[in-house]
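Residues per chain, in single letters:
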Amino acid sequence: MSTSSRPLHIFGTLWSLRQYPTKSREWSWVKKFAAIADAGCDGLFSAPIPELAERGGLQYLAVASFSRPGPVKAQFRAAKKLGAVALGIQLGDTDSKLADMIKLAIHIDAVARDFDLPYAIETHRDTFTETPENTLALTRGFRHQRKTTLPLCLDHSHFAVVRHHAPGTYWERLRKPVEFLNAATQFHLRPFNGHHCQIPVLTPAGKRTPEYRDWLTYLEGLFTHLHTRNTTTPVLAVPELGNAAPAYGLSCFGDTWLDAQALIKDLRRMWKSTQPGVTSLLP
């Protein structure tokens, strides 16, 4: 089997267009959906909201947050009703207890099987999986009880900030432990450095920023690794640049949607250029 046959599915996040271009002149849902499609995305990423029924031919990747079992079934039902291909989950809080989170993850897994809807636990700030240590304890505890792998959604930006990784070391540091990568079915690919979960993609002149080019070396390592996996399962990727509510960028950052469009193009190019035997296609 050729490793190059593995597809990359990109889901533009509605967060990139929240209060865009301004809070008072925010685009309509129809305009946002059209913009995400025109940017070359396969689908969109959002919490389950009724407006998604008007998204047209775009696929849908859902997201939810759970700290207790109560809302789990309702959120899976809402995502399933809207035709979601999978659900990304932010689990618990930073002070949640490991035993409780393992129990909750097992409950989520059972509900996911009932709804026949894939899911993944996201590594994310201000949740139980904020640190690699907590995430490792969760995944190993889940495996011990369920005898199977807990699916992960890797957002390495949070781990990078926790450790304040230096440029040039992102992939070297974040590729470990390999069991995280092997468990990952979803990826949130927000450009980051060791101090900011989100950095600008473009300079005011429209060139790629030096900090973003440092991040591209991480992306190259990640995509090269994903091409070596013996599977044709699609890689579900979110170019997760946030515009507002909450705002991850600083006031001096440029236009979020312009950055997101450049990132989407680079994700496509990097996915192609990291296939075996293909030379770099990046600008």
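Scroll up to find the structure.
Below is a summary of the structure that appears in this document.

Cut-off values and rules
- Numbering of residues starts from 1 in every chain and runs along the sequence as written.
- Given that the model is predicted, a residue must reach a pLDDT of at least 70 before its local features are reported, and side-chain atom pairs must reach 80 or more before they are shown or counted; all residues, however, enter totals for whole chains, interfaces and linings.
- Calculation of side-chain values draws on the structure's entire complement of heavy atoms; hydrogens and water are dropped beforehand.
- Two aromatic rings from Phe, Tyr or Trp, using only the six-membered ring of Trp, form a pair when their centres are within 6.5 Å; if the ring planes differ by under 30 degrees the pair is stacked, by over 60 it is edge-to-face, and anything between is tilted.
- Numbering goes from the N terminus for both helices and strands, where a helix is a DSSP run of H or I of at least four residues and a strand is a run of E of at least two.
- Look at NZ for Lys and CZ for Arg. If either is within 6 Å of the ring centre and within 35 degrees of the ring normal, a charge sits over the ring.
- Only strands joined by at least two bridges in the DSSP assignment are considered to pair.
- The axes used here are C-alpha line fits, helices contributing only the stretch in contact, and every angle between their N-to-C directions lies in the interval 0 to 180 degrees.
- Any two residues having at least one pair of non-hydrogen atoms within 4.5 Å are treated as being in contact.
- Nine residue types can take part in a nonpolar core, namely buried Ala, Val, Leu, Ile, Met, Phe, Trp, Tyr and Cys, and a core is a set of them joined through side-chain atoms within 4.5 Å.
- Only protein chains enter the accessibility calculation, which uses a 1.4 Å probe; a residue whose area is less than 20% of its type maximum is buried, one above 50% is exposed, and one in between is partly exposed.

Some words on the packing of aromatic side chains
Taken as a whole, this structure holds 12 aromatic pairs when the rule is applied. Seen in terms of ring centroids, tryptophan 29 and phenylalanine 33 are 6.1 Å apart; in terms of plane orientation they differ by 35°. Their pairing is tilted. With tryptophan 29 and phenylalanine 33 both in helix H1 (residues 29–38) and 4 residues apart, this pair spans about one turn of that helix. Of the aromatic side chains, those joined through ring pairs into one cluster are Tyr170, Trp171, Phe192, Tyr212, Trp215 and Tyr218. Here the guanidinium or amino end of lysine 32 rests over the ring plane of tryptophan 29, the centre of that ring lying 4.9 Å away.

With respect to the sheet that holds strand S5 (residues 119–122)
Pairing is parallel in the closed barrel, where 8 strands are placed in the order S1-S2-S3-S4-S5-S6-S7-S8. Between one strand axis and the next, the sheet turns through 30° on average, direction left out of account. With 3 bridges connecting them, strand S7 (residues 184–188) and strand S8 (residues 235–238) associate as parallel partners. Opposite glutamine 186, over in S8, you have leucine 236 as the bridge partner. Across the sheet, helix H9 (residues 256–273) touches strand S1 (8–13) and S8, and the angle it forms with S1 is around 170°.

Description of the nonpolar core
Formed by 75 residues in total, the largest nonpolar core has its most connected members in Phe76, Leu189, Trp215, Tyr218 and Phe223. In contact with leucine 189, not counting residues within four places along its chain, are Trp215, Tyr218, Leu219, Leu222, Phe223, Ala237, Val238, Pro239, Glu240, Leu263 and Leu267. Core analysis: the second largest hydrophobic core is formed by 7 residues, Phe45, Leu61, Val63 and Val238 among them.

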